[in-house]
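A look at the structure
Residues per chain are reported as follows:
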Amino acid sequence: LPHPSVTSELDAFVPVELYTDGPDQKSRDFGAYQEKNFGTIAIPMYVVLTPDGQLKGRLDGLERDPQKFAQFLREAGE
């Protein structure tokens, strides 16, 4: 995420990280939330939600191309 094209897009968002792969209860709770709301426990998974919880964009798996990831953020932020 440190690529300039990505960081400039991220400025428009409030980032939240949910760690779902730890051994603790919080990780299990986050995993259950992810599975219930998105039907998967894939990692990594990126979602863009409105403040009221409406899904604006979703990207499952790893995207290594910073331009493609920045494009995902642009489209989800519209």
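Please refer to the structure placed before this passage.
To start, this report covers the structure provided alongside it.

**Thoughts on the nonpolar core**
- Judged by nonpolar contacts, Val6, Val48, Leu59, Phe69, Ala70, Phe72, Leu73 and Ala76 together constitute the single largest core of eight residues.
- With five residues, helix H3 (residues 66-77) is the single largest residue contributor to this core.
- Once you skip the residues sitting within four places of it in the chain, Phe69 turns out to touch Leu1, Val6, Tyr46, Leu59 and Glu63.

**Description of the pairing of strand E2 (residues 55-60)**
- Relative to E2, strand E1 (residues 45-49) is paired through five bridges, and the arrangement is antiparallel. Of the residues in E2, the one forming a bridge with Val47 is Arg58.
- In this antiparallel pair of consecutive strands, E1 and E2, the connection spans five residues, and Gly53 shows a positive phi of 95 degrees.

**A word on a nonpolar patch on the surface**
- A contiguous nonpolar patch, built from Val14, Val16, Leu18, Tyr33, Val47, Leu49 and Leu55 and spanning about 630 Å² of accessible area, is present on the exposed surface.
- Topologically, Tyr33 is positioned in helix H2 (residues 25-38).

**A few points about unusual backbone geometry**
- Here the amide bond leading from Ile43 into Pro44 is cis, since omega sits at -5 degrees, within 30 degrees of zero.
- As for its position among the elements, Pro44 is in the loop between H2 and E1.

About the thresholds
- Along each chain, the written sequence defines residue order, and numbers are assigned to residues from 1.
- Totals for whole chains, interfaces and linings use all residues, but because this is a predicted model, local features are given only for residues with pLDDT of at least 70 and pairs of side-chain atoms are given and counted only at 80 or more.
- Only hydrogens and water are set aside; all other atoms, that is, all heavy atoms of the structure, feed into the side-chain values.
- Think of a nonpolar core as a cluster: buried Ala, Val, Leu, Ile, Met, Phe, Trp, Tyr and Cys residues, connected wherever their side-chain atoms sit within 4.5 Å.
- Here the term buried applies to any residue with accessible area under 20% of the maximum for its type, exposed to any over 50%, and partly exposed to those in between, with areas from a 1.4 Å probe on protein chains only.
- Numbering of helices and strands runs from the N terminus, with a helix taken as a DSSP run of H or I at least four residues long and a strand as a DSSP run of E at least two residues long.
- Whether two residues touch is decided by their heavy atoms; if any such pair falls within 4.5 Å, the residues are in contact.
- In this analysis, strands are considered paired if DSSP registers two or more bridges between them.
- In this scheme, patches are assembled from residues that exceed 30% relative accessible area and form no salt bridge. Like charges are connected within 9 Å, while nonpolar side chains (Val, Leu, Ile, Met, Phe, Trp, Tyr) are connected within 5 Å.
- Shrake-Rupley sampling with a 1.4 Å probe provides the accessible areas, and residues are treated as covered by the protein chains on show and by no other component.
- Any Lys or Arg side-chain nitrogen located within 4 Å of an Asp or Glu carboxyl oxygen qualifies as a salt bridge.

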